[in-house]
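# What the coordinates show
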Amino acid sequence: MSDTVDAALRADAPPAAPLGGLRDFVRRYARNRGAVAGAVVLFGVLVLAATAPLLYPASPWQMTGAPFLHPFSPGFPLGTDSLGRDIAAGIAHGARVSLLVGSVSTVVAIVIGVTLGAVAGYHGGVIDDAIMRFTEFFQTIPGFVLAVVLVAIFHPTITSIVIAIGIVSWPSVTRLVRGQVLSLRSREFVVASVALGAGTLRIIFTEILPNTLSPIIVLASLMVASAILLESALSFLGLGDPNLMSWGYMIGAGRSLLRLAWWMAVFPGVAILLTVLALNLVGEGLNDALNPRLARRR
Amino acid sequence: MTPDPGHAVLEVDDLTIALPAGGDRTHAVERASLVLRPRETLCVVGESGSGKSMLALALMGLLPKGVTVAGGAVRLEGIDILKLRAEAMRDLRGRRIAMIFQEPMTALNPIMTVGRQIAEVLESHRDEHGVGTGAERRRRVLTLLDSVGLPDPDQLIDSYPFRLSGGQRQRVMIAAALALEPAVLIGDEPTTALDVTTQMQILLLIKRLQAERDTGVLLITHDFGVVAEVADRVAVMQHGRIVETGPVDQILARPAHPYTKSLIAAVPKLAPRAARPLGEAIVLEAAGLTKTYRRGGRLFSRGSLVKALDRPDFRLRRGETLGVVGESGSGKSTLARCLLRLLEPEEGAIRFAGTDLMALGSRALKPFRKRVQMVFQDPFASLNPRRRIGDIIAAGPRLHGTPKHEARARTRELLALVGLDPAVTDRFPHEFSGGQRQRIAIARALALEPELLIADEPVSALDVSVQAQVLALLDALRQRLGLSMVFITHDLRIAGQICDTIAVMRHGRIVEYGPPDQVLMTPQNAYTQELVASIPGGRR
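As the structure is a prediction and not an experimental result, all values here were calculated from the model.

Residues and elements named next belong to chain A. Two numbers describe how helix H4 (residues 87-123) lies on helix H9 (residues 200-236): the axes approach to 8 Å, and their chain directions differ by 145°. Two packed elements cross with a definite hand, and for H4 against H9 that hand is right-handed. On H9, the residues touching Ser98, Val101, Gly102, Ser103, Ser105, Thr106, Ala109, Ile110, Val114, Ala118 and Tyr122 of H4 are Thr200, Ile204, Leu209, Ile216, Ala220, Met223, Val224, Ala227, Ile228 and Glu231. For the contact of H4 with H9, a count of residues per class yields 14 nonpolar, 6 polar and 1 charged.

And the structure:
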């Protein structure tokens, strides 16, 4: 007997260290060319937003040149609008607004969505039913219309826009997190944690949520993109923050002059297109990098 | 035993299968040679990762993408099938060579009737066998269903797979595989997912059909019990190589290769342990526990009630190991989870050291969580993939207020105790093998210094050699720490080896209860007798 005991207690060495966490992640991400291009463009937009006050210290609302200057005019690479404001300055400052609204409203939506989704998925039963019916209630209202109504009620400021976009975009997070939590809740490692005597909050935060992280990150990157689109659409309709220059507002202002001065609407439109496309590519790349098993099948 | 190619129905000659670059092995199978004759059963035995399943898939021409044959030949009735075009291979598949898979639950299409799935085989090879009209095919399917011993073929032919039990589905798979009377039948662990009694029936069925049709059967298995039951000849695989081949009697009685020897030595024997003296103190008592599940049933239908627990009363003495054995659905896992109150029984009492756990709320229960711990079946599911080993093991002590540095020191001690390097605390679970993970799970359970350990099939997901190590570890720890244990298993041989008392469960009740030599050697209950008789290899 003691022979087997010793044999059983003897150490068997674990396999040699594999997977270097971050490096491996970067390698898998880089395998998707589009995602790398997206990251480069997104980085460019970030730099533009960060350096806007240095590049264009004057307010983008200020008239700096003659009206209707064509693109590539001296000093105004993207031309000027009907009041002689610099389009390039507007795009640089608009990038700040777009990224700010996109990221903050996504954080708002994630916080609401993860909280409700985790509670619904973990507790199940009546609580789950109540939360999901509430969620579906929001999903039945077209998101954009709800955002318009909310902004109109609260007066258009950057805060109310962020909150409005957050409120219309959380339901998808809730559904995702609920589904994940529901399937993780009955896993043995969660049951083991219950058996150790862990409380509900600790189980949700240390055992369950870390395992839902990768789909949430992917969803978040796509939500930033749709938040930017929503903000642009609100500004286009004149529901943007009147004190802040934004891409949507610029398109809205240039819309009636499209035949006279196409560059007023086209350049901000291109900025939106590139940023949203970049975010979508990044989202896809993150998905590949975080779920290597699914990516390899392509 | 010289191979006679003239009579061989299947010949594998120097076959090498290459794995995609970047894995931990370059070849799944290396230079394997085998010969299979009509009416013969050849068992290919090996542990997980030995390449035995890849070998089977190569014979069917069904290797997954990226895995390629790098050399050698496979001759089916004289034709080298590796050189065939996809079209020609498809024609042979099902007609001359057929396969049954491990998982009967997923191998059948859930939205197609049983009859359609078998008829499909006949349809796709219509020209050859001339089973033209629908009515003719239906008659053939009925005959097939009858021949694999399925009850009431007339009704079954139009049922959907979800109405069938695992054993019945496997019979349907066999009927489909044998529909065109192939010369070779390959079974990849065809009975592993089944209960022992069902396993025995399926093995006997394959034997009978084989004798009727002169089929050559190649059976892939990890279980030497199955080998002893059905094999004529045996090939043992390790790391992609066939290390030993020979007639079954020779391999089992006089294995030549050290790996074969170690495998056979690790197979649990039906040898009840000697009785040990036990104290009188009762640690745990279950009285009148009931738990009912509702099966099916949606908004407007009630569904049927299944009694998972029906008063399985027992008493566990201090230091005793109680083996709870039974087939799937007998309620043994429900019992384990109810004892820990991970599931709520409807009524009854769980008295642990004199306190009725059923009467406690979740806060009052917390001190008892420390004293009763559980080890789960699947070490791949029971460790959180996102947490480090050190955190996983220290989680329990930290929850119950042990300071951080103390919990860390304890973690290192525990890792050493279960036979792992204490330096591995910073690693994640995916860096460990199944056996190592189960050691980690055991360390986690022991971290709280429990008095009672409930182990739910702790070794059934592991290879035999690893199984033996983990069992020896549990036994050693029990001796060293004076643990009482409830050990849940479907394997009577394992229960006999490490338990002081065995409780046989069926339909949520304990049908037989007693010391191992009595339960295993002179079973009184009819069901226990059937279980003991179904132990694979038991007759040798």
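This part covers unusual backbone geometry. Despite not being glycine, B:Asp14 has its phi angle at roughly 55°, a positive value. Relative to the assigned elements, B:Asp14 resides in strand E1 (residues 10-18).

Turning to the environment of B:Ile264, a few remarks are in order. Residues and elements named next belong to chain B. Position of Ile264 among the secondary structure elements: in helix H12 (residues 258-266). Sequence separation between Ile264 and Ile251 is 13 residues, and the spatial gap between their C-alpha atoms is 9.1 Å. Ignoring sequence-local partners within four residues, the contact set of Ile264 consists of Phe224, Leu252 and Pro255.

Residue and element names in this part refer to chain B. Here we have 4 strands laid out as an open sheet, ordered E2-E1-E4-E5, and antiparallel in their pairing. Both edges of this open sheet fall to strand E2 (27-36) and strand E5 (79-80), since each of them pairs with a single strand only. As paired strands, E1 and E2 are joined by 6 bridges and run antiparallel to one another. Residue pairing across strands places Val12 opposite Leu34, the latter belonging to E2. Helix H1 (residues 52-60) contacts E1, E2 and strand E4 (68-76) of the sheet and is inclined by roughly 65° relative to E2.

The next thing to look at is the pairing of strand E21 (residues 509-514) of chain B. In the case of a regular strand, side chains alternate between the two sheet surfaces. Residues and elements named next belong to chain B. Relative to E21, strand E20 (residues 501-506) is paired through 5 bridges, and the arrangement is antiparallel. Opposite Val504, over in E21, you have Glu512 as the bridge partner. Connecting E20 to the antiparallel partner E21 that follows it, the hairpin turn spans 2 residues, and His507 within it adopts a positive phi of roughly 50°.

Calculation rules
Residues numbered from 1 in each chain as written. Chains lettered and ligands numbered in written order. Predicted model: local features only at pLDDT ≥ 70, side-chain atom pairs only at ≥ 80, totals over all residues. Axes fitted to C-alpha atoms, helices over the stretch in contact; angles between N-to-C directions. Helix = DSSP H or I, 4+ residues; strand = E, 2+ residues; numbered from the N terminus. Left-handed = near helix turned anticlockwise from the far one by under 90°. Contact = placed C-beta atoms within 7 Å. Nonpolar A, V, L, I, M, F, W, Y, C, P; charged D, E, K, R; others polar. Pairing = 2+ DSSP bridges.

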